[in-house]
Amino acid sequence: MSLKIVVLAKQVPDTRNVGKDAMTAEGTVNRAALPAIFNPEDLNALEQALRLKEQNPGSTVGILTMGPPRAGEIIRQGLYRGTDTGWLLTDRKFAGADTLATSYALAMAVKKIGDVDIIIGGRQAIDGDTAQVGPQVAQKLGLNQVTYAEEILKIENGKATIRRHIDGGVETVVAPLPVLITVNGTAAPARPCNAKLVMKYKYATCPMERKGDEPWAHLYEERPYLTLNQWSVADVNGDEAQCGLSGSPTKVKTVQNIVFQAKESKTLTGSDEDVEGLIKELLGEKIIG
């Protein structure tokens, strides 16, 4: 059967490079101060979507993402690997969203896309590690959901068979469509970009990404597929009060980058004296006893 698949993907700051400018005064991530990358587990989700497209002729895959105009790169990365389209939610009114406001915006966008059979996203984003957005989107749309997936085995008779990793083992579940699935980082990695697709879509941009003086500007008239979908709060019929900071009850006070130094460690031998000293120290600190 042909499927309409939407991949939820996010452009995230590279948390390996968190510095003093990582947070704004409002307690939100200062994305402009950090390098941006494709959220790792969303790449695993993208691979599962592309495999379903190959297994089910006539299927389509689109990437849905939310962020500033530069997040259009996420859609291009999908197109380079074989997706068919993408949608960028970009509007100052989306800025500062926590998981509640983010899931609301994504759910409204999915409603606008319409008739979606499968929504696939990564388990969580590395800039928040909450694993909340996928389940919240499913709840807002009234969809079945399967979390911690490692492989979507097949789609048959309107049902998805999914292998998921849980504490203590692996289980296989069957869920009726439409369904939302979140994928672990232990799932198959994303395939590399296809050189022909890179050449085809390398100038694909959202309108807000363009400066207007690009030497290839004439291509946007000649090749409509180079103009990516760009939606605002109004475009998805969203309630401004539920978007961005105004719709976000969660506030982050501070972010710290903790690096353990060698001076904070000590080396002990197996001697009775060292063992006895360690026990006394642990007792004194009330770590044991």
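Residues numbered from 1 in each chain as written. Predicted model: local features only at pLDDT ≥ 70, side-chain atom pairs only at ≥ 80, totals over all residues. Heavy atoms only, no water.

- In the annotation of an unreviewed UniProt entry, the entry for the chain reads Protein FixA, and the organism field reads Prevotella scopos JCM 17725.
- As recorded by UniProt, the Sequence similarities (unreviewed entry) comment attached to the chain reads in full: "Belongs to the ETF beta-subunit/FixA family." (UniProt positions renumbered as here; feature names shortened; annotations may be inferred.)

**Some thoughts on the pairing of strand β10 (residues 179–183)**
- Of all five residues in β10, five are buried, a share of seventy percent or more.
- Bridge analysis of strand β7 (residues 144–156) against β10 gives four bridges, and the strand direction is parallel. Each bridged residue has a counterpart across the sheet, and for A149 the counterpart in β10 is V183. (Buried < 20%, exposed > 50% of the residue type's maximum accessible area, 1.4 Å probe, protein only. Helix = DSSP H or I, 4+ residues; strand = E, 2+ residues; numbered from the N terminus. Pairing = 2+ DSSP bridges.)

**Details of the pattern of salt bridges**
- Taken as a whole and assessed by the stated rule, the structure comprises 13 salt bridges.
- Between D84 and K53 there is a salt bridge, with the nearest N and O atoms lying 3.0 Å from each other. Of this pair, D84 sits in the loop between α2 (72–81) and β5 (85–89) while K53 sits in helix α1 (residues 40–55), and the two are 31 residues apart along the sequence.
- The closest approach of N and O atoms between E54 and R191, which form a salt bridge, is 2.5 Å. Of the two residues, E54 sits in helix α1 while R191 sits in the loop between β10 and α5 (195–201), which places them 137 residues apart along the sequence.
- The partly exposed category is assigned to R191, whose relative accessible area is 21%. (Salt bridge = Lys/Arg side-chain N within 4 Å of Asp/Glu carboxyl O.)

**Observations regarding the nonpolar core**
- Counting residues in each nonpolar core, the largest one holds 40 residues, and the members touching the most others are I118 and I120.
- Residue contacts for I118: discarding those within four places in its chain leaves L3, K4, I5, V6, L52, I155, L177, V179 and I181.
- Counting 23 residues, the second largest nonpolar core, distinct from the first, contains L8, I113, V233 and V236. (Core = buried A, V, L, I, M, F, W, Y, C linked by side-chain atoms within 4.5 Å. Contact = heavy atoms within 4.5 Å.)

**Points about the confidence of the model for the chain**
- Across the chain, the average pLDDT comes to 88, with 89% of residues at or above 70.
- The spread of mean pLDDT over the elements of the chain runs between helix α7 (residues 272–284), the lowest at 86, and strand β1 (residues 4–8), the highest at 97. (pLDDT = per-residue confidence, 0-100.)

**Looking at the environment of E47**
- Structurally, E47 can be placed in helix α1.
- Taking the relative accessible area as the measure of exposure, E47 reaches 5% and is therefore buried.
- Counting along the chain gives 73 residues from E47 to I120, while the straight-line C-alpha distance between them is 9.9 Å.
- In contact with E47, other than residues within four places in its own chain, are A188, P189, A190 and R191.

**A short note on the sheet that holds strand β8 (residues 159–166)**
- Read from one edge to the other, the open sheet built from nine strands follows the order β9-β8-β7-β10-β6-β1-β4-β5-β11, with strand pairing classed as mixed. If you trace the sheet from one side to the other, it starts and ends with β9 (169–176) and β11 (229–231), each paired once. Between one strand axis and the next, the sheet turns through 30° on average, direction left out of account.
- Inspection of the sheet shows strand β6 (residues 118–122) paired to β10 by five bridges, in the parallel sense. Within β10, the residue paired with G121 across the bridge is T182.
- α1 rests against β1, β4 (60–66), β6, β7 and β10 of the sheet, and its axis sits at about 150° to β6. (Axes fitted to C-alpha atoms, helices over the stretch in contact; angles between N-to-C directions.)

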